[in-house]
Amino acid sequence: MTVALTHAEVMRTATRTGQLVRKLHGRPSIVIGIARSGTAPAVAFAEGSGAGNTLAIYCSRPSSSGTRGEIRALWVKLAPKPIRQLYKSLLFQTVVRLTDTAATTERKLPQKQYDQLTNRLNDRGSGPVVVVDDSIDSGGTIRVILQAIDEIDAQANLIVFALASTLGRIVTEQQYT
């Protein structure tokens, strides 16, 4: 089933989820948005939760860069939308499962982003660290960021918020999808 949300609905959902997380877990010390599509919901989430510290992290997917990125762009350009939707419904889960481990283990946060994240985590208060994205497909991007946070501050109370999860992925115990 496909559900289309307006920008206003996305922002309202993020704000309300931020309010819920504050009630359940306390005010987050930092809200990290996965750039580009997770940045606006992260700001709305931060407003709802009362978090004053936000950070946008850009972590490219292997399928978005190099040869894979070019192939993906061609696929989107040339394949009609019904064919892409059929692929997603029939084969996407299998392809993700096959490439999941390899894709996650070879990916790292770019050094500049890692350093920025380190500085923000070292300066944060005691509240939870929230990572926000618009959607979780394979979970690889969020896992890369969660791994970096764990390397920097293993004691951080991590919470993930995503508006959707294509495969019903759970990437952490405290996840709001």
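In what follows, the accompanying structure is described. Along each chain, residues carry numbers from 1 onward, in the same order as the chain's sequence is written. pLDDT decides what is reported in this predicted model: residues at 70 or higher carry local features, side-chain atom pairs at 80 or more are listed and counted, and totals for whole chains, interfaces and linings draw on all residues regardless. Hydrogens and waters are ignored; side-chain quantities use all the structure's heavy atoms.

## Focus: the side chain of T17
Among the structural elements, T17 can be located in helix α1 (residues 7–25). Only protein chains enter the accessibility calculation, which uses a 1.4 Å probe. A residue is then buried if its area is under 20% of the maximum for its type, exposed if over 50%, and partly exposed in between. For T17, a relative accessible area of 12% translates into the label buried. The definition of a polar contact used here is a pair of N or O atoms within 3.5 Å, where within protein one atom must be able to donate a hydrogen and the other to accept one, and adjacent residues in sequence count solely through side-chain atom pairs. Within the local environment of T17, its side chain forms a polar contact with the backbone oxygen of T13, the two atoms lying 2.8 Å apart. Two residues qualify as a contact provided that any one of their heavy atoms is within 4.5 Å of a heavy atom in the partner residue. With near-sequence residues (within four places) excluded, T17 lies in contact with F45, F161 and Y176. Here a helix means four or more residues in a row that DSSP labels H or I, a strand means two or more in a row labelled E, and each is numbered from the N terminus.

## Some thoughts on the sheet that holds strand β3 (residues 129–136)
By way of backbone hydrogen bonds, the strands of a sheet pair with one another, either parallel or antiparallel. Strand pairing follows a simple DSSP-based rule, namely that at least 2 bridges must link the two strands. The parallel open sheet is built from five strands, whose spatial order is β2-β1-β3-β4-β5. The open sheet terminates on both sides in strands that have one partner only, identified here as β2 (54–57) and β5 (175–176). Strand direction decides the pairing type here: β3 and strand β4 (residues 158–165), joined by seven bridges, are parallel. Note that in β4 the partner of I136 across the bridge is S165. Lines fitted to the C-alpha atoms define the axes, with helices restricted to the stretch that makes contact. Angles between their N-to-C directions range from 0 to 180 degrees. The strands touched by α1 within the sheet are β4 and β5, with β4 carrying the most contacts at an inclination of about 150 degrees. Across the face of the sheet, helix α6 (residues 111–122) comes into contact with β1 (30–34), β2 and β3 while running at roughly 165 degrees to β2.

## Re the pairing of β2
Alternating residues of β2 divide into L55 and I57, all buried, and T54 and A56, none buried. Bridge count between β1 and β2: four bridges; the pairing is parallel. By the bridge assignment for β2, I34 is matched with I57. Looking down the strands as they point away from the viewer, one classifies a crossover as right-handed if the path from the first strand across the helix to the second runs clockwise. Read from β1 through helix α2 (residues 39–49) to β2, the crossover connection turns out right-handed.

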